[in-house]
Amino acid sequence: MRLTGELRFSTNMLWGLMWSCSCLLPALAVMNVECVSGEPRPRKYKCGLSAPCPPKHLAFRLVSGAANVIAPKVCLEDQMLMSSVKNNVGRGLNIALVNGVTGDLLEARTFDMWAGDVTELLKFLRPLHEGTLVFVASFDDAATKMNDESRRLFEELGSTAVKELAFRDSWVFVGAKGIENKSPFEQRMKNSKNSNKYEGWPESLEMDGCIPLRPPLDH
């Protein structure tokens with residue numbers, strides 16, 4: 001699923017600062033093909049995208065965990081920020097913070113939302129700096145320990161799905177501190193015994209696209 005939209009950031013200036021946000025639309029993308037051993041195959045770009053991102057944009061791919069077996073992944077600019085190989089993912093919420101101006105990784109952490117303490121998540125989200133990008137991928141259960149404040153903090157980052165996020169729902173999300181409207185980069189799959197792909201869990205979600213770097217704020 002690929003979406004398009006805008007991220008807007010408030011600034012000290014009267015007119016504000018717009019952070020346009022676009023992503024890949026398969027129907028409009030030009031397919032690049034390369035041949036290997038005489039067999040043509042679609043060319044892949046950073047993080048496995050089917051077309052390159054524009055200049056000054058970050059290529060990303062988020063994959064939520066599958067049931068409680070296959071771990072989530074967070075890829076940015078062809079670098080795996082979080083994965084089982086890096087041994088930095090776990091049950092609950094897997095969150096990578098990225099500098100929205102430089103694209104540099106600031107921190108990556110996992111929060112157990114089944115048996116953990118939501119206070120740790122609150123301490124992590126409250127002090128975020130303006131323009132910080134927030135990449136989120138769920139694994140197993142991301143909602144049991146959620147409280148009103150944690151949901152509000154994610155809503156302030158641009159989430160619309162978090163208010164309905166429930167036990168064992170699959171969730172992937174990219175938001176930003178200071179966003180003025182809702183993020184176009186979000187998917188949620190409800191845990192339902194009538195539609196679950198796995199026994200007790202919905203299917204894994206995958207989302208990719210291109211996020212523009214934010215211009216530095218004038219001082």
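Residues numbered from 1 in each chain as written. Predicted model: local features only at pLDDT ≥ 70, side-chain atom pairs only at ≥ 80, totals over all residues. Heavy atoms only, no water.

- If you check an unreviewed UniProt entry, the protein chain appears there as FAM3 metabolism regulating signaling molecule A from Oryzias sinensis.
- Looking at the Sequence similarities (unreviewed entry) heading of the UniProt record, one finds this comment for the protein chain: "Belongs to the FAM3 family."
- For the record of the protein chain, the UniProt heading Subcellular location (unreviewed entry) holds the text "Secreted". (UniProt positions renumbered as here; feature names shortened; annotations may be inferred.)

## Considering the packing of aromatic side chains
Line of reasoning, step 1. Counted under the stated rule, the structure contains 6 aromatic pairs.
Line of reasoning, step 2. Consider the rings of Phe111 and Phe124, whose centres lie 5.0 Å apart with planes at 55°: the pair is tilted. On the criterion of sequence distance, the pair formed by Phe111 in strand 9 (residues 105–111) and Phe124 in helix 1 (residues 118–125) is long-range, its members being 13 residues apart.
Line of reasoning, step 3. Exposure remark for Phe111: the relative accessible area of 4% places this residue in the buried category.
Line of reasoning, step 4. Residue class for Phe124 comes out buried when judged on its relative accessible area of 6%.
Line of reasoning, step 5. Relative to Phe167, the ring of Trp114 lies with its centre 6.0 Å away and its plane at 45°, an arrangement referred to as tilted. Here the residue Trp114 occupies a position in the loop between strand 9 and helix 1, and Phe167 occupies one in the loop between helix 2 (148–156) and strand 11 (170–176), the gap between them amounting to 53 residues.
Line of reasoning, step 6. Of the residues examined, Trp114 reaches a relative accessible area of 44% and is grouped as partly exposed.
Line of reasoning, step 7. Classification of Phe167 as partly exposed rests on a relative accessible area of 37%.
Line of reasoning, step 8. Clustering of aromatic rings is evident, with ring pairs tying together Phe60, Phe135 and Phe185. (Phe/Tyr/Trp six-rings, centres within 6.5 Å; stacked < 30°, edge-to-face > 60°. Helix = DSSP H or I, 4+ residues; strand = E, 2+ residues; numbered from the N terminus. Buried < 20%, exposed > 50% of the residue type's maximum accessible area, 1.4 Å probe, protein only.)

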